[in-house]
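Chain by chain, the residues:
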Amino acid sequence: MTGGRVAGKTALITGAAGGLGQAMARMLVREGAQVALSDLDLNRARALAEAINAEHPGMAFAYEHDVTREDDWVRVVGAAVEDMGGLSILVNNAGIGVQLLWAEQDTLENWRRVQAINLESVMLGCKHAMAPLRASGAGSIVNISSIAGLAAAPGMGAYNATKAAVWLYTKTVALEAAKAGWNVRANSVHPVFIKTPILDPFIAMAGGDETNAHERLARGIPLKRIGEPDDVAYCVLYLASDESKFVTGAEFKIDGGLTAQ
(Lines give C-alpha, C1' and ligand atoms only; values in the text may rest on other atoms or scores of the structure.)
Protein backbone atom coordinates (compact mmCIF):
# COMPACT_ATOMS: atom_id res chain seq x y z
CA MET A 1 0.00 0.00 0.00
CA THR A 2 1.08 3.57 -0.63
CA GLY A 3 -0.14 6.77 0.93
CA GLY A 4 -1.97 7.09 4.21
CA ARG A 5 -1.25 8.77 7.51
CA VAL A 6 1.01 5.94 8.75
CA ALA A 7 2.30 4.69 5.40
CA GLY A 8 5.40 2.56 5.76
CA LYS A 9 5.07 2.18 9.53
CA THR A 10 4.88 -1.10 11.42
CA ALA A 11 2.74 -1.63 14.50
CA LEU A 12 2.40 -4.24 17.23
CA ILE A 13 -1.05 -4.21 18.86
CA THR A 14 -1.67 -6.37 21.91
CA GLY A 15 -5.15 -7.65 22.69
CA ALA A 16 -5.78 -7.16 18.98
CA ALA A 17 -8.63 -9.65 18.69
CA GLY A 18 -10.92 -7.59 20.96
CA GLY A 19 -13.22 -4.74 19.99
CA LEU A 20 -10.77 -1.88 20.43
CA GLY A 21 -7.84 -3.87 19.07
CA GLN A 22 -9.72 -4.79 15.92
CA ALA A 23 -10.74 -1.19 15.30
CA MET A 24 -7.16 0.03 15.77
CA ALA A 25 -5.74 -2.67 13.51
CA ARG A 26 -8.16 -2.03 10.67
CA MET A 27 -7.66 1.73 10.86
CA LEU A 28 -3.87 1.59 10.91
CA VAL A 29 -3.85 -0.76 7.93
CA ARG A 30 -6.26 1.46 6.00
CA GLU A 31 -3.81 4.30 6.60
CA GLY A 32 -0.82 2.33 5.32
CA ALA A 33 0.77 0.51 8.28
CA GLN A 34 1.57 -3.16 8.62
CA VAL A 35 0.22 -4.64 11.83
CA ALA A 36 1.32 -7.44 14.12
CA LEU A 37 -1.76 -8.70 15.94
CA SER A 38 -1.03 -10.37 19.26
CA ASP A 39 -3.65 -11.96 21.48
CA LEU A 40 -4.09 -14.79 23.95
CA ASP A 41 -6.73 -16.12 21.54
CA LEU A 42 -4.66 -17.07 18.51
CA ASN A 43 -7.65 -18.26 16.48
CA ARG A 44 -9.36 -14.87 16.70
CA ALA A 45 -6.12 -13.04 15.95
CA ARG A 46 -5.58 -15.21 12.88
CA ALA A 47 -9.14 -14.67 11.72
CA LEU A 48 -8.65 -10.90 11.94
CA ALA A 49 -5.32 -11.09 10.10
CA GLU A 50 -6.91 -13.19 7.35
CA ALA A 51 -9.79 -10.72 7.00
CA ILE A 52 -7.38 -7.79 6.77
CA ASN A 53 -5.10 -9.57 4.32
CA ALA A 54 -8.06 -10.43 2.10
CA GLU A 55 -8.45 -6.70 1.50
CA HIS A 56 -4.84 -5.60 1.99
CA PRO A 57 -2.50 -8.52 1.20
CA GLY A 58 0.56 -8.93 3.36
CA MET A 59 -0.37 -6.21 5.84
CA ALA A 60 -1.27 -8.29 8.92
CA PHE A 61 0.42 -10.99 11.00
CA ALA A 62 -0.98 -12.90 13.99
CA TYR A 63 0.74 -14.21 17.12
CA GLU A 64 -0.36 -16.01 20.25
CA HIS A 65 0.69 -13.83 23.17
CA ASP A 66 0.31 -14.02 26.92
CA VAL A 67 1.20 -10.43 27.82
CA THR A 68 1.99 -11.38 31.42
CA ARG A 69 4.93 -13.57 30.34
CA GLU A 70 8.26 -11.94 29.64
CA ASP A 71 9.43 -14.77 27.41
CA ASP A 72 6.32 -14.30 25.28
CA TRP A 73 7.18 -10.62 24.85
CA VAL A 74 10.69 -11.48 23.69
CA ARG A 75 9.32 -14.00 21.20
CA VAL A 76 6.49 -11.83 19.84
CA VAL A 77 8.53 -8.65 19.47
CA GLY A 78 11.26 -10.64 17.73
CA ALA A 79 8.79 -12.29 15.36
CA ALA A 80 7.06 -8.99 14.57
CA VAL A 81 10.37 -7.30 13.78
CA GLU A 82 11.38 -10.19 11.54
CA ASP A 83 8.04 -10.43 9.73
CA MET A 84 7.60 -6.70 9.17
CA GLY A 85 11.23 -5.64 8.89
CA GLY A 86 11.13 -3.48 12.01
CA LEU A 87 8.82 -1.92 14.55
CA SER A 88 7.82 1.74 14.78
CA ILE A 89 4.56 1.62 16.78
CA LEU A 90 3.63 -0.24 19.97
CA VAL A 91 0.02 -0.18 21.16
CA ASN A 92 -0.30 -1.69 24.62
CA ASN A 93 -4.01 -2.44 24.39
CA ALA A 94 -4.38 -5.81 26.13
CA GLY A 95 -6.25 -5.62 29.41
CA ILE A 96 -8.87 -7.14 31.64
CA GLY A 97 -12.18 -5.41 32.32
CA VAL A 98 -13.90 -4.33 35.47
CA GLN A 99 -14.91 -6.87 38.10
CA LEU A 100 -17.00 -4.94 40.60
CA LEU A 101 -15.50 -5.76 44.00
CA TRP A 102 -15.33 -3.47 47.00
CA ALA A 103 -12.07 -3.35 48.95
CA GLU A 104 -13.20 -5.82 51.62
CA GLN A 105 -14.46 -8.23 48.95
CA ASP A 106 -11.37 -8.22 46.76
CA THR A 107 -8.80 -10.98 46.94
CA LEU A 108 -5.05 -10.84 46.63
CA GLU A 109 -5.29 -13.35 43.78
CA ASN A 110 -7.65 -11.11 41.82
CA TRP A 111 -5.62 -7.99 42.60
CA ARG A 112 -2.41 -9.59 41.33
CA ARG A 113 -4.11 -10.92 38.21
CA VAL A 114 -5.41 -7.47 37.28
CA GLN A 115 -1.99 -5.93 37.99
CA ALA A 116 -0.24 -8.51 35.80
CA ILE A 117 -2.54 -8.10 32.81
CA ASN A 118 -3.26 -4.37 32.93
CA LEU A 119 -0.01 -2.95 34.25
CA GLU A 120 2.92 -5.37 34.18
CA SER A 121 2.20 -6.13 30.51
CA VAL A 122 2.65 -2.44 29.69
CA MET A 123 6.03 -2.38 31.42
CA LEU A 124 7.13 -5.52 29.57
CA GLY A 125 5.98 -4.10 26.25
CA CYS A 126 7.83 -0.83 26.72
CA LYS A 127 10.94 -2.69 27.88
CA HIS A 128 11.18 -5.18 25.03
CA ALA A 129 9.89 -3.02 22.19
CA MET A 130 12.11 -0.03 22.99
CA ALA A 131 15.17 -1.21 21.05
CA PRO A 132 13.35 -1.75 17.72
CA LEU A 133 11.28 1.40 18.25
CA ARG A 134 14.49 3.33 18.76
CA ALA A 135 16.02 1.73 15.68
CA SER A 136 13.03 2.80 13.57
CA GLY A 137 14.08 6.44 13.93
CA ALA A 138 10.59 7.62 14.86
CA GLY A 139 8.90 5.33 17.37
CA SER A 140 5.57 5.78 19.10
CA ILE A 141 4.23 3.99 22.17
CA VAL A 142 0.50 4.26 22.81
CA ASN A 143 -0.64 2.85 26.14
CA ILE A 144 -4.37 2.29 26.53
CA SER A 145 -5.38 3.40 30.01
CA SER A 146 -8.90 4.50 30.97
CA ILE A 147 -10.86 7.36 32.42
CA ALA A 148 -10.88 5.03 35.44
CA GLY A 149 -7.18 5.84 35.77
CA LEU A 150 -8.01 9.50 36.31
CA ALA A 151 -11.22 9.27 38.34
CA ALA A 152 -12.00 6.57 40.90
CA ALA A 153 -15.26 4.69 41.39
CA PRO A 154 -16.51 2.30 44.10
CA GLY A 155 -15.89 -1.36 43.44
CA MET A 156 -13.16 -0.73 40.88
CA GLY A 157 -10.10 -0.58 43.12
CA ALA A 158 -7.84 -2.99 41.23
CA TYR A 159 -8.85 -1.60 37.84
CA ASN A 160 -8.51 2.04 38.98
CA ALA A 161 -5.08 1.35 40.42
CA THR A 162 -3.69 -0.29 37.29
CA LYS A 163 -5.05 2.31 34.89
CA ALA A 164 -3.73 5.16 37.05
CA ALA A 165 -0.33 3.48 37.13
CA VAL A 166 -0.31 3.11 33.33
CA TRP A 167 -1.00 6.85 33.05
CA LEU A 168 1.98 7.87 35.19
CA TYR A 169 4.29 5.12 33.92
CA THR A 170 3.72 6.36 30.37
CA LYS A 171 5.01 9.79 31.37
CA THR A 172 8.11 8.20 32.89
CA VAL A 173 8.86 6.30 29.68
CA ALA A 174 8.29 9.46 27.62
CA LEU A 175 10.75 11.43 29.74
CA GLU A 176 13.34 8.67 29.74
CA ALA A 177 13.27 8.43 25.94
CA ALA A 178 13.45 12.19 25.56
CA LYS A 179 16.33 12.50 28.03
CA ALA A 180 18.24 9.75 26.23
CA GLY A 181 17.82 11.53 22.91
CA TRP A 182 15.79 8.73 21.34
CA ASN A 183 13.05 9.72 18.94
CA VAL A 184 10.51 7.53 20.72
CA ARG A 185 7.34 9.13 22.06
CA ALA A 186 4.95 7.67 24.67
CA ASN A 187 1.38 8.79 25.33
CA SER A 188 -1.65 7.34 27.06
CA VAL A 189 -5.26 7.13 25.89
CA HIS A 190 -8.13 7.23 28.39
CA PRO A 191 -11.50 6.07 27.06
CA VAL A 192 -14.74 6.13 28.98
CA PHE A 193 -17.47 3.55 28.22
CA ILE A 194 -16.96 2.15 24.70
CA LYS A 195 -19.21 -0.34 22.93
CA THR A 196 -17.04 -3.42 23.41
CA PRO A 197 -17.31 -6.61 25.51
CA ILE A 198 -15.64 -4.76 28.41
CA LEU A 199 -19.15 -3.44 29.19
CA ASP A 200 -20.53 -6.96 29.72
CA PRO A 201 -20.54 -6.67 33.55
CA PHE A 202 -22.71 -3.55 33.30
CA ILE A 203 -25.04 -5.27 30.84
CA ALA A 204 -25.35 -8.19 33.26
CA MET A 205 -26.26 -5.73 36.03
CA ALA A 206 -29.04 -4.44 33.77
CA GLY A 207 -30.49 -7.92 33.46
CA GLY A 208 -28.87 -8.55 30.09
CA ASP A 209 -30.57 -5.57 28.45
CA GLU A 210 -27.77 -4.00 26.39
CA THR A 211 -29.75 -0.95 25.32
CA ASN A 212 -30.81 -0.20 28.88
CA ALA A 213 -27.25 -0.65 30.14
CA HIS A 214 -25.86 1.73 27.51
CA GLU A 215 -28.51 4.32 28.32
CA ARG A 216 -27.68 4.13 32.03
CA LEU A 217 -23.96 4.51 31.39
CA ALA A 218 -24.57 7.47 29.07
CA ARG A 219 -26.53 9.48 31.66
CA GLY A 220 -23.42 10.85 33.33
CA ILE A 221 -21.67 11.72 30.06
CA PRO A 222 -22.24 15.28 28.80
CA LEU A 223 -22.59 14.10 25.18
CA LYS A 224 -25.26 11.63 26.42
CA ARG A 225 -23.90 8.62 24.58
CA ILE A 226 -21.17 6.05 24.97
CA GLY A 227 -18.28 5.74 22.57
CA GLU A 228 -17.59 3.65 19.49
CA PRO A 229 -14.34 1.70 18.99
CA ASP A 230 -13.33 4.00 16.14
CA ASP A 231 -13.45 6.97 18.53
CA VAL A 232 -10.45 5.43 20.27
CA ALA A 233 -8.85 4.14 17.07
CA TYR A 234 -8.73 7.63 15.55
CA CYS A 235 -6.81 8.88 18.59
CA VAL A 236 -4.38 5.97 18.32
CA LEU A 237 -3.92 6.73 14.62
CA TYR A 238 -3.00 10.34 15.40
CA LEU A 239 -0.49 9.31 18.07
CA ALA A 240 1.00 6.62 15.83
CA SER A 241 1.48 9.08 12.97
CA ASP A 242 4.09 11.76 12.48
CA GLU A 243 1.31 14.32 12.91
CA SER A 244 1.97 14.00 16.64
CA LYS A 245 5.78 14.19 16.37
CA PHE A 246 5.95 16.88 19.10
CA VAL A 247 3.52 15.13 21.45
CA THR A 248 4.90 12.95 24.24
CA GLY A 249 4.08 12.28 27.88
CA ALA A 250 0.49 13.38 27.31
CA GLU A 251 -2.87 11.82 28.13
CA PHE A 252 -5.83 11.87 25.76
CA LYS A 253 -9.33 11.62 27.20
CA ILE A 254 -11.95 9.98 24.99
CA ASP A 255 -14.79 10.56 27.40
CA GLY A 256 -17.57 12.67 25.92
CA GLY A 257 -16.75 15.49 28.32
CA LEU A 258 -17.07 13.40 31.49
CA THR A 259 -13.94 14.65 33.22
CA ALA A 260 -14.61 18.26 32.22
CA GLN A 261 -17.47 18.46 34.72
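Computed from a predicted model, the values in this text were never measured in an experiment.

Further remarks concern the overall build of the protein. Tallying secondary structure elements over the protein gives eight helices and seven strands in all. Over its C-alpha trace the protein gives a radius of gyration of 18 Å, about what one expects of a compact globule, namely 18 Å for 261 residues. Reported as C-alpha extents along the three principal axes, the dimensions of the protein are approximately 45 × 40 × 35 Å. Per-residue burial for the protein yields a buried fraction of 49% across its 261 residues. In the protein, the proportion of contacts linking residues at least 24 apart, taken out of those at least 6 apart, comes to 71%. When the accessible surface of the protein is split by element, carbon and sulfur atoms take 54% of a total near 12000 Å². Both charge centroids of the protein, one from 23 positive and one from 28 negative side chains, sit 6 Å from each other.

A word on the pairing of strand β3 (residues 60-64). Where strand β2 (residues 34-39) meets β3, five bridges bridge the pair, whose relative direction is parallel. Note that in β3 the partner of aspartate 39 across the bridge is glutamate 64. Between β2 and its parallel partner β3, the chain crosses via helix α2 (residues 42-55), and the hand of that crossover is right-handed.

This paragraph deals with unusual backbone geometry. We note that lysine 224 has phi near 60°; this positive angle belongs to a residue other than glycine. Relative to the assigned elements, lysine 224 resides in the loop between α7 (210-218) and α8 (229-240).

Our next topic: the packing of aromatic side chains. If you walk through the whole model with that rule in mind, you get one aromatic pair. Above the ring of tryptophan 182, the side-chain terminus of arginine 134 is found at 4.4 Å from the ring centroid.

Where like charges cluster on the molecular surface, the negative patch consists of Asp200, Asp209, Glu210 and Glu215. When you line up the elements, glutamate 210 lands in helix α7. You can call glutamate 210 partly exposed: its relative accessible area is 45%.

What follows deals with the sheet that holds strand β4 (residues 89-92). Read across the sheet, seven strands follow the order β3-β2-β1-β4-β5-β6-β7 without closing on themselves; strand pairing throughout is parallel. Strand pairing shows two members of the sheet lacking a second neighbour, β3 and β7 (251-254), which therefore form its edges. Sheet twist, expressed as the average angle between the axes of neighbouring strands with direction ignored, equals 15°. Here strand β1 (residues 10-14) pairs with β2 via five bridges, running parallel. In the sheet register, alanine 11 faces β2, and the bridge partner there is valine 35. Across the sheet, helix α1 (residues 19-30) is in contact with β1, β2, β4 and β5 (139-144); its angle to β1 comes to roughly 170°. The strands that helix α5 (residues 157-180) touches are β5, β6 (184-191) and β7; relative to β6, the one it contacts most, it runs at about 160°.

Okay, the pairing of β6 next. In terms of burial, β6 is largely enclosed, as eight of its eight residues are buried. In β6, alternate side chains face the same way, and those of Val184, Ala186, Ser188 and His190 on one face and Arg185, Asn187, Val189 and Pro191 on the other are all buried. Taken together, the six bridges between β5 and β6 define a ladder with parallel strand orientation. Each residue of the ladder has a partner; that of asparagine 143, found in β6, is serine 188. Once the chain exits β5 it traverses α5 before rejoining the sheet at β6, and the crossover so formed is right-handed. Here β6 runs beside β7; their pairing, made up of four bridges, is parallel. Looking across to β7, one finds that histidine 190 is bridged to lysine 253.

Here we come to helix α3 (residues 70-84). Spanning 15 residues, α3 covers 21 Å between terminal C-alpha atoms, matching the ideal 21 Å at 1.5 Å per step. Inspection of α3 places Asp72, Trp73, Val76, Val77, Ala80 and Met84 among the buried residues, and these make up the whole buried set. Buried positions in α3, seen along its axis, are confined to an arc of 120° and lie on one side of it. Of the surrounding elements, those touching the buried residues of α3 are β1, β2, β3, β4 and α4 (108-136). Immediately beyond the C-terminal end of α3, within one or two residues, lies glycine 85, with a positive phi of roughly 80°.

What counts and how
Residue numbering note: each chain is counted from 1, following its sequence as written. For a predicted model such as this one, the threshold for reporting local features is a pLDDT of at least 70, and the threshold for listing and counting side-chain atom pairs is 80 or more; totals across whole chains, interfaces and linings nevertheless cover every residue. Heavy atoms from the whole structure form the basis of all side-chain values; hydrogens and water molecules are not counted. The numbering of helices and of strands both runs from the N terminus, where a helix is a DSSP run of H or I of at least 4 residues and a strand a run of E of at least 2. Atoms considered for the radius of gyration are the C-alpha atoms alone. The globule rule reads 2.2 Å times the number of residues to the power 0.38. Residue exposure (1.4 Å probe, protein chains only): buried if accessible area is under 20% of the type maximum, exposed if over 50%, otherwise partly exposed. Any two residues having at least one pair of non-hydrogen atoms within 4.5 Å are treated as being in contact. We get accessible surface area from the Shrake-Rupley algorithm with a probe of 1.4 Å; when it comes to residues, only the shown protein chains can shield them. The convention is simple: Lys and Arg are positive, Asp and Glu are negative, and His and the chain ends are not counted. The atom standing in for a charge is NZ when the residue is Lys, CZ when it is Arg, CG when it is Asp and CD when it is Glu. The pairing criterion for strands is at least two bridges between them, as found by DSSP. The definition of a right-handed crossover adopted here requires that, viewed with the strands pointing away, the path from the first strand over the helix to the second runs clockwise. Aromatic pairs are defined between Phe, Tyr and Trp rings, using the six-membered ring for Trp, whenever the two ring centres lie within 6.5 Å; interplanar angles under 30 degrees are classed as stacked, those over 60 as edge-to-face, and all others as tilted. Here, over-ring charges are defined by two tests on the NZ atom of lysine or the CZ atom of arginine: distance to the ring centre within 6 Å, and angle to the ring normal within 35 degrees. Patch construction takes residues with relative accessible area above 30% that form no salt bridge. Like charges are linked within 9 Å, and nonpolar side chains (Val, Leu, Ile, Met, Phe, Trp, Tyr) are linked within 5 Å. Each salt bridge in this description consists of a side-chain nitrogen of Lys or Arg and a carboxyl oxygen of Asp or Glu lying within 4 Å of one another. The convention used is that axes are lines fitted to C-alpha atoms, helices contributing only their stretch in contact, and that angles between N-to-C directions extend from 0 to 180 degrees. Helix span is expected to be 1.5 Å times the residue number reduced by one. As used here, the arc belongs to the directions running from the helix axis to the C-beta atoms.

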